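Notes for the structure review
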Amino acid sequence: LPAGDYEIYDWRILENGVGGETEHGPVRSFSYRFSIVLGRAVYLGRVHLSLSAAHKQTIGVVDNREADLAALRQRFPALASTPVTIDLLRQ
């Protein structure tokens, strides 16, 4: 992303089932704000979304930076020397 301020405020998941397509989205409003700085990577955390059969949902952010950043550097070696800012998403 280009340098600047950003916000995550919505999400949608479409699930195909026997009765057709079901759309899942947030039950209540939320806002995760973060900034991108030129020349730096930003680790926001691992977003975990859990949906139950009763359409109950929970969303949270887990700090799994060691594994996530290692996977990023392995997949994109050019980023191995890029400084990383840790800015875990929070509401």
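Reading guide: rules and limits
Residues numbered from 1 in each chain as written. Predicted model: local features only at pLDDT ≥ 70, side-chain atom pairs only at ≥ 80, totals over all residues. Heavy atoms only, no water. Helix = DSSP H or I, 4+ residues; strand = E, 2+ residues; numbered from the N terminus. Rg over C-alpha atoms; globule rule 2.2 N^0.38 Å. Buried < 20%, exposed > 50% of the residue type's maximum accessible area, 1.4 Å probe, protein only. Contact = heavy atoms within 4.5 Å. Areas by Shrake-Rupley, 256 points an atom, 1.4 Å probe, with all protein chains shown as cover. Core = buried A, V, L, I, M, F, W, Y, C linked by side-chain atoms within 4.5 Å. Salt bridge = Lys/Arg side-chain N within 4 Å of Asp/Glu carboxyl O. Phe/Tyr/Trp six-rings, centres within 6.5 Å; stacked < 30°, edge-to-face > 60°.

Regarding its fold elements, the chain presents one helix and eight strands. In sequence order, the secondary structure elements of the chain are arranged as β-β-β-β-β-β-β-α-β. Relative to the compact-globule value of 12 Å for 91 residues, the chain shows a C-alpha radius of gyration of 16 Å, a clear excess of over 25%. In terms of its C-alpha atoms, the chain occupies a principal-axis envelope of roughly 50 × 25 × 20 Å. A total of 91 residues make up the chain; the buried ones form 18% of that total. Here the analysis covers contacts within the chain between residues at least 6 apart in sequence; of these, 56% occur between residues at least 24 apart. Element-wise, carbon and sulfur atoms account for 54% of the exposed surface of the chain, whose accessible area totals about 6,900 Å².

One finds Trp11, Phe30, Tyr32, Phe34, Ile36, Leu44 and Leu89 forming the largest nonpolar core, which totals seven residues. Setting aside residues up to four positions removed in sequence, Leu44 forms contacts with Phe34, Val61, Asp87, Leu88 and Leu89.

All chains considered together, the criterion is met by five salt bridges. Linking Arg12 and Asp10 is a salt bridge whose minimum nitrogen-to-oxygen distance equals 3.4 Å. Through salt bridges with shared partners, a single ionic network connects Asp10, Arg12 and Glu23.

This brings us to the packing of aromatic side chains. Counted under the stated rule, the structure contains two aromatic pairs. Relative to Phe34, the ring of Tyr6 lies with its centre 5.7 Å away and its plane at 20°, an arrangement referred to as stacked. Linking Tyr6 in strand S1 (residues 4–8) with Phe34 in strand S4 (residues 32–36), this pair joins segments that are 28 residues apart in sequence. According to the relative accessible area criterion, Phe34 is buried, its value standing at 8%.

Below, the discussion takes up the side chain of Asp87. Mapped onto the elements of the fold, Asp87 is located in the segment after strand S8 (84–86). Relative accessible area serves as the criterion here: at 19%, Asp87 is assigned to the buried category. What Asp87 contacts, discounting residues up to four positions off in sequence, is Phe34, Ser35, Val42, Tyr43 and Leu44.

Turning to the environment of Ser81, a few remarks are in order. Looking at where Ser81 falls in the secondary structure, it is placed in the loop between helix H1 (65–75) and S8. According to the relative accessible area criterion, Ser81 is exposed, its value standing at 68%. With 41 residues separating them in the primary sequence, Ser81 and Arg40 have C-alpha atoms 9.9 Å apart.

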